[in-house]
Amino acid sequence: MKAVVMAGGEGTRLRPMTANQPKPLLPLVNRPIMEHVLRLLKRHGFSETVVTVQFLAALIRNYFGDGEELGMSLSYATEEVPLGTAGSVKNAEAALRDDRFLVISGDALTDIDLTDMVRFHERNGALVTIGLKRVPNPLEFGIIIVDEAGRVQRFLEKPTWGQVFSDTVNTGIYVMEPEVLDHVAAGESVDWSSDVFPKLLAEGAPLYGYVADCYWEDVGTHESYLKAQADMLSGQVGIELDGFEMSPGVWVAEGAEVDAEAVLKGPLYIGDYAKVEAGVELREYTVLGSNVVVKEGAFLHRAIVHDNVFVAPSTNLRGCVIGKNTDIMAGARVEEGAIVGDECVIEAEAYVSSGVKVYPFKTIEAGAVVNTSVIWESRGQRNLFGPRGVSGLVNVEITPELAVRLASAYATTLKKGTTVVAGRDVSRAARTLKRAVISALTASAINVQDLEATPLTVARFETGREDCAGGIYIRTTLGDPQGVDILFLAPDGADLSQAAQRKLERVFGRQEYRRAFPGEIAELSYPPRVVETYTRDLLRRIDISGVREAGLKIVLDCAGGVASLVLPSLLGMVGVEVLTRNNALDEANPTETLPERMRDLERLGALVSSSRAAFGVRFDPVGERISLVDENGELVPDDRALLVMLDLVAAERRGGRVALPVTTTRVAEQVCRFHGVQVEWTSTSQDVLTKAAARPDVIFAGDGRGGFLMPEFSGTVDGIAAFARLVGLVARTRLTLSQIDRRIPVAHLLRRSVPTPWAAKGSVMRHVVEAAGSRTLDTTDGVRVVEDDGGWVLVLPDPAEAVTHLWAEGPDADAAQELLEEWAVVVERAGS
């Protein structure tokens, strides 16, 4: 008599455990579920078995082969498309026509007496005998009622509670006569319970139910997966465990090493060649797979750890599943119900919250607190905020669901009834995410002024002008069409401070969001004449005297972005002749890659040169930053553009202070000293630069990346205001950009980034300080080491990536290169 093992299921409810392996191969106490089934068949004399496969079929065939290792003969029937429970058996009909056969699921754990079930079938002359089991909750199974003789009277597949009429359910184990296959259509998706059995019952065919007094668990959920392991360890299942019982309930397989100082509280299982060090505590219902290493001080309770996992010191695993080939680093914690897929890395001190699912091949960064499942993302981040706000891939890392949670957390940090400004760039993704944000804010009793598509500079201006508690702006990541940034604005329109970011992160991490009562749902409004107000205020505060008299011609490139919504009204009042490029909003291409940007700057230069314009300006897609082209059509690099603007402002003001990040060339000091202006060096943080620009005596600030702050108008980076200021300065100076650039000394500033593991960053900075010796140190941001000849190197760890950045400046290019090489070696050695 042959058996059929159905092993074609995907096990979608068990993901991520089944994301890259079929459900029948999931281990239960270090053996695949299907192996337990095959061993049961072998014990009852079913040595010849047909396995029906579909999802990841090759993995099942490769693992079990022809069954020789189990003392069985296995053959396979492969479904090209899912055929259902009956269709899959029909697909194997050629091997089953000779005699009655048994059908059993390859992904359920049971110790049913198959021999007695076959005797029952023969004794009653049944066409089909269905294995039945009484369960407390029958909702997920087919319910069957039988009479005193065991003949089936009625059944219902997966009922609701209102339809429950019995607790006797279908186990998916059947003894069948070959004639039953005549009732199954070939090549179609057919199920036994919903298609074949009702038809046979209506025809009066002899269908019988065998009520088994056995263990049976359909391993279809994470909860049932953990329960099946616990039941096996506690002896509720009639199966044999590999290895030997070292002490009551403590099973140790061949080759395992367990230190005598380890604390073991069974029932638990330690797989073959696993290693458990001193100081480890393994508690009840823990299962360690083959070659697992558990280091000193680790604590595991009801943890299922698959093969080849490394568990570092002082880790804590409770009620979770860890997939094979995963590394759990020192101090990490994985909570109840969490599932970590295969080949992941949970870095030091990371915290994976209860119920979180981490899909295969992911890395959770050191110190990260992960409260939501990591499915498509490559990393679970340490900090919510990066240098561009909250950033990630559209509909992968940054989804509408995430946007709702972020906005809810932000709203929770604000008072009910306050107002927030919302804006976006031209992209469809930003529009979609902004709608999600607005819904969350108004549902949390926060009024929203929707600026729709508008420059980021206008959103900042409106946030600071109105009586607003803050703002949210959503834009496509610069240079990455698939990325998106969600920026949170403070009441003055600047980026949120570090303290406010941490407060928002804490609320988001706890997921303790405030909701409004029905009568508190807030309002959504669309403020009128925002662009006109912005333009009028800008021209009132920015000095554009002399522009009309100078008769300037300027070429502008709006990059298909939202700056084109403001520039027409502004230019009409300034009085310059303008040629414009890319001034139509482009939803399909809301940003540009670096090659596209350089291509467009080259075209802008050609247009400036051919039209004999005074200069050209290219705005970024949200109007925040600008790039300059001189009258000859040559690109003015961002670092030189900063010096040009600095020279123009300082020459006109002849006093005051300018705020610049420490990464700026010290040529800036020479320019300022010549004009009687002082430099205030700041960190590279946009928040710190903004605060510095707000001081009364500061006349100018810039970040060296095309971002300029004009304190007389706004305390935030504003490309449109910078453009207006530049037009006025050039008009009054009567010099070209190239002439201004030529009078500024040449800078020899080089930059390099060195890969540095997160765990080594502190050590790197310590080694830098030690290597500096008696040289002058500046710790405004990172560590800046000043040489005797005035050269310097700045070593600065990246806040969002596992790299360390170096800047080196010397009296000439060779000296700068030598300095950069010297300190790059220091960083590389310290980080290795």
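Residues numbered from 1 in each chain as written. Predicted model: local features only at pLDDT ≥ 70, side-chain atom pairs only at ≥ 80, totals over all residues. Heavy atoms only, no water.

Undergrad: Sorry if this is basic, but what is going on with the overall build of the protein here?
TA: Secondary structure assignment for the protein yields 21 helices and 56 strands. Considered along the principal axes of its C-alpha atoms, the protein spans approximately 110 × 60 × 50 Å. When each of the 832 residues of the protein is scored for burial, the buried share is 55%. The contacts of the protein with a sequence gap of at least 6 include a subset with a gap of at least 24, amounting to 58%. (Helix = DSSP H or I, 4+ residues; strand = E, 2+ residues; numbered from the N terminus. Buried < 20%, exposed > 50% of the residue type's maximum accessible area, 1.4 Å probe, protein only. Contact = heavy atoms within 4.5 Å.)

Undergrad: Sorry if this is basic, but what is going on with the side chain of Asp107 here?
TA: Take Asp107: it is sitting in the loop between β6 (101-105) and β7 (108-110). Polar side-chain contacts of Asp107 include one of 2.5 Å to the side chain of Ser105. Not counting the four nearest positions on each side in its chain, Asp107 is found in contact with Lys23, Pro24, Ile33, Asp218 and Val219. (Polar contact = N/O pair within 3.5 Å; in protein donor to acceptor, adjacent residues only side chain to side chain.)

Undergrad: Looking at this model, I keep getting lost on the packing of aromatic side chains. Mind explaining?
TA: Any two aromatic rings considered together are summarised by their centre-to-centre distance and by the angle between their planes. Following the criterion strictly, the structure yields 13 aromatic pairs and no others. When the centroid spacing of 4.8 Å and the interplanar angle of 70 degrees are considered together, the rings of Tyr63 and Phe64 count as edge-to-face. Note on Phe64: relative accessible area 8%, which makes it buried. Judged by centre distance (5.8 Å) and plane angle (75 degrees), the rings of Phe619 and Phe723 are edge-to-face. Of this pair, Phe619 sits in strand β45 (residues 615-619) while Phe723 sits in helix α18 (residues 719-733), placing them 104 residues apart in sequence. Residue classification places Phe723 among the buried residues on the basis of a relative accessible area of 2%. Linked through ring pairs, Phe120, Tyr208 and Tyr210 together constitute an aromatic cluster. A cation over an aromatic ring shows up here: Arg666 above the ring of Trp792, its NZ or CZ 4.7 Å from the ring centre. Looking at Arg784, its charged tip hangs above the ring of Trp792, at a distance of 5.4 Å from the centre. (Phe/Tyr/Trp six-rings, centres within 6.5 Å; stacked < 30°, edge-to-face > 60°. Lys NZ or Arg CZ within 6 Å of the ring centre and 35° of its normal.)

Undergrad: What exactly am I supposed to notice about the pairing of strand β39 (residues 447-453) here?
TA: Every other side chain in a regular strand lies on the same face of the sheet, so the side chains alternate between the two faces. Within β39, 5 of the 7 residues are buried, which leaves it mostly tucked inside the rest of the structure. With 5 bridges connecting them, strand β38 (residues 419-424) and β39 associate as parallel partners. The residue bridging Arg424 from the neighbouring strand is Ala453, located in β39. Chirality of the crossover, the property in question, places the unit of β38, helix α8 (residues 428-443) and β39 among those that are right-handed. As paired elements, β39 and strand β42 (residues 524-525) share 2 bridges and run parallel to each other. Among the inter-strand pairings, Gln449 is bridged to a residue of β42, identified as Ser525. (Pairing = 2+ DSSP bridges. Right-handed = clockwise from strand over helix to strand, strands pointing away.)

Undergrad: Explanation requested: the sheet that holds strand β52 (residues 749-755) in the structure shown.
TA: By definition, the strands of a sheet pair up through backbone hydrogen bonds, in either a parallel or an antiparallel sense. The antiparallel open sheet is built from 5 strands, whose spatial order is β52-β56-β55-β54-β53. Only two strands of the sheet have a single partner each, and these edge strands are β52 and β53 (776-778). On average, adjacent strands in this sheet sit at an angle of 20 degrees to one another, irrespective of strand direction. As defined by bridge partners, strand β55 (residues 792-797) adjoins strand β56 (residues 803-809) across 6 bridges and the pair is classed as antiparallel. Looking at the pairing, Leu794 lines up with Trp807 of β56. In this fold helix α21 (residues 813-831) packs onto β52, β54 (783-786), β55 and β56, with an angle of close to 15 degrees to the strand it touches most, β52. (Axes fitted to C-alpha atoms, helices over the stretch in contact; angles between N-to-C directions.)

Undergrad: Looking at this model, I keep getting lost on the pairing of β54. Mind explaining?
TA: Both faces of β54 are covered, namely the face carrying Val783 and Val785 and the face carrying Arg784 and Val786. Bridge count for β53 against β54 is 3 bridges, and the pairing is antiparallel. Counted as the bridge partner of Leu777 is Val785 from β54. Two successive antiparallel strands, β53 and β54, enclose a turn made up of 4 residues, where Gly782 displays a positive phi of approximately 70 degrees. Judged from the 4 bridges that link them, β54 and β55 form a sheet pairing that is antiparallel. By the bridge assignment for β55, Val785 is matched with Val793. Count of turn residues in the β54/β55 antiparallel hairpin: 5 residues, of which Gly790 carries a positive phi of about 95 degrees.

Undergrad: How should I be thinking about the nonpolar core in this particular structure?
TA: In summary, soluble globular proteins display a tendency toward joint burial of nonpolar side chains. Judged by nonpolar contacts, the single largest core of 80 residues is most densely connected at Leu538, Phe700 and Phe723. With near-sequence residues (within four places) excluded, Phe723 lies in contact with Ile554, Leu556, Leu567, Leu570, Leu571, Val617, Phe619 and Ile626. Within the second largest apolar cluster, 37 residues are counted, among which are Val309, Ile328, Val358 and Val370. (Core = buried A, V, L, I, M, F, W, Y, C linked by side-chain atoms within 4.5 Å.)

Undergrad: Honestly, the confidence of the model for the protein in this entry has me stumped. Any pointers?
TA: Residues at a pLDDT of 70 or more form 96% of the protein, whose mean pLDDT is 89. Note on residues 159-165: pLDDT under 50 across the span, and 19 contacts to partners over four residues away in sequence or across chains. (pLDDT = per-residue confidence, 0-100.)

Undergrad: I keep staring at helix α4 (residues 114-124) and nothing clicks. Help me out?
TA: In an α-helix there are 3.6 residues to a turn, and that puts residues three or four apart on one side. Listed as buried for α4 are Leu114, Met117, Val118, Phe120 and His121. Down the axis of α4, the buried set is contained in an arc of 155 degrees. They therefore lie on one face. Residues of α4 that are buried in the fold lie against α1 (33-43), β6, β8 (128-134), β11 (168-176) and β12 (207-211). A side-chain oxygen of the first residue of α4 lies 3.2 Å from the backbone nitrogen of Thr115; this N-cap is Asp113. (Arc of directions from axis to C-beta.)

Undergrad: I'm lost on the side chain of Asp778 in this one. Help?
TA: In this structure, Asp778 sits in strand β53. On the basis of relative accessibility, which here comes to 18%, the residue Asp778 falls in the buried class. In this structure the side chain of Asp778 is engaged in a polar contact, spanning 2.7 Å, whose partner is the side chain of Thr780. Once residues within four sequence positions are removed from consideration, Asp778 is found in contact with Val662, Val783 and Arg784.

Undergrad: I would appreciate a short explanation of a nonpolar patch on the surface in the present structure.
TA: A surface patch of nonpolar side chains, about 260 Å² in accessible area, is lined by Leu594, Met598 and Leu635. Within the element layout of this structure, Leu594 appears in helix α14 (residues 594-611). A relative accessible area of 57% means that Leu594 is categorised as exposed. (Patch = residues over 30% accessible without salt bridge, like charges linked within 9 Å, V, L, I, M, F, W, Y side chains within 5 Å. Areas by Shrake-Rupley, 256 points an atom, 1.4 Å probe, with all protein chains shown as cover. Salt bridge = Lys/Arg side-chain N within 4 Å of Asp/Glu carboxyl O.)

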